[in-house]
Amino acid sequence: MDNDLPILDLLPTRLREARRSQGLSLDAVAKLSGVSRSMVSQIERGESSPTIATLWNLTRALQVDFAGLLDAEATDKVEVLRASDVPRFDNMGHLCLIRILSPPEDVGGHEVYDIAFEAGGSLKSAPHKRGATEQLTVLEGAVKVSSGAAVQDLVEGDTARYAADVAHSIEATEPARVFLIVKNA
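Q: Got a sec to walk through the confidence of the model for the protein? Specific residues and values, please.
A: Averaged over the protein, the pLDDT score is 86; the fraction of residues at 70 or greater is 88%. Taken as a whole, residues 1-5 scores under 50 in pLDDT and shows 8 contacts with residues more than four places along the chain or in a different chain.

Here it is as structure tokens:
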């Protein structure tokens, strides 16, 4: 990509890519943003330049970073966090190590964790905010997932989706490693 292009030349493509990457139609973006479908289409085709307010509404609807959208070098870099620098907690549960994979700005929204359990290890959680859910995939070993009164045994390759706005827990029945996504409503 040519980094000498003015921001307004990059904007239509960046907005269109953000919309498509989320599988959203023009109508869906219009409803989410309050910007008319025809205006969204014109902006994506480069036929209209959005006001700052319109651009703000679109970036909020598409859940993209306003500043990053306008950064001419945003698509030409790869941000790396080396394994040794990934934040980790070993005191949040029993016999488990939690690695935080999501960026700090996602806390309270869409969080991603890599959790390693020793046999008998567990992570018991109080209810998160109303509407919160979790999705857990077992990468290695076996675990038991509880959400409220529901309990399921999972083995390598299984994925469970469950309410996280009730008391919930993950218990390793053998050494295990899981990938956990927490989505707060």
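On we go.
Q: Describe the nonpolar core, with residues and values.
A: Ranked by size, the top nonpolar core spans 20 residues in total, and within it I115, F117, L136, V143 and L180 carry the most contacts. When residues of this core are traced back to their parent elements, those giving at least two are β2 (94-100), β3 (110-125), β4 (133-140), β5 (142-147), β7 (159-163), β8 (168-172) and β9 (176-183). Excluding residues that lie within four positions of it along the chain, L180 makes contacts with E111, V112, Y113, I115, E134, Q135, L136, Y162 and I170. In terms of nonpolar packing, the next biggest core, distinct from the first, is built from 12 residues, L15, L26, L58 and L62 among them.

Q: Lay out the pattern of salt bridges in plain terms, naming residues and giving numbers.
A: Two side chains of opposite charge can pair, provided their charged atoms sit close to one another. Within the structure shown, the criterion is met by 5 salt bridges. The partner of E44 in a salt bridge is R19, with the nearest N and O atoms 2.7 Å apart. In this pair, E44 is assigned in helix α3 (residues 37-44) and R19 in helix α1 (residues 7-21), connecting sequence segments 25 residues apart. Of the two residues examined, E44 and R19, each falls in the buried class. Taking the shortest distance from any N to any O, the salt bridge between R37 and D27 comes out at 3.1 Å. With a gap of 10 residues between them, R37 in helix α3 and D27 in helix α2 (residues 26-33) connect regions that are remote in the sequence. Residues joined in a network through salt bridges with shared partners are R99, D114 and R177.

Q: Can you break down the side chain of R99 residue by residue, with the values?
A: On the secondary structure map, R99 appears in strand β2. When residues no more than four places from it in sequence are discounted, the contact partners of R99 are A83, V86, P87, R88, V112, Y113 and D114.

Q: Lay out the environment of T54 with the relevant residues and their values.
A: With respect to the helices and strands, the residue T54 is situated in helix α4 (residues 52-62). In this structure, the C-alpha to C-alpha distance between T54 and S36, residues 18 residues apart in sequence, is 10.0 Å. Once residues lying within four places of it in the same chain are set aside, the contact partners of T54 are V35 and I43. Polar contacts involving the side chain of T54 include one to the side chain of T51, which spans 3.0 Å.

Q: Now, about the pairing of β5: what can you tell me, with residues and values included?
A: Where burial is concerned, most of β5 is hidden: 5 out of the 6 residues are buried. Connecting β5 to the next strand, strand β6 (residues 150-155), in antiparallel fashion are 2 residues, including G148 with a positive phi near 65°. Note: β5 against β8, 5 bridges, orientation antiparallel. The partner of V145 across the bridge, within β8, is I170.

Calculation notes
Residues numbered from 1 in each chain as written. Predicted model: local features only at pLDDT ≥ 70, side-chain atom pairs only at ≥ 80, totals over all residues. Heavy atoms only, no water. pLDDT = per-residue confidence, 0-100. Contact = heavy atoms within 4.5 Å. Core = buried A, V, L, I, M, F, W, Y, C linked by side-chain atoms within 4.5 Å. Buried < 20%, exposed > 50% of the residue type's maximum accessible area, 1.4 Å probe, protein only. Helix = DSSP H or I, 4+ residues; strand = E, 2+ residues; numbered from the N terminus. Salt bridge = Lys/Arg side-chain N within 4 Å of Asp/Glu carboxyl O. Polar contact = N/O pair within 3.5 Å; in protein donor to acceptor, adjacent residues only side chain to side chain. Pairing = 2+ DSSP bridges.

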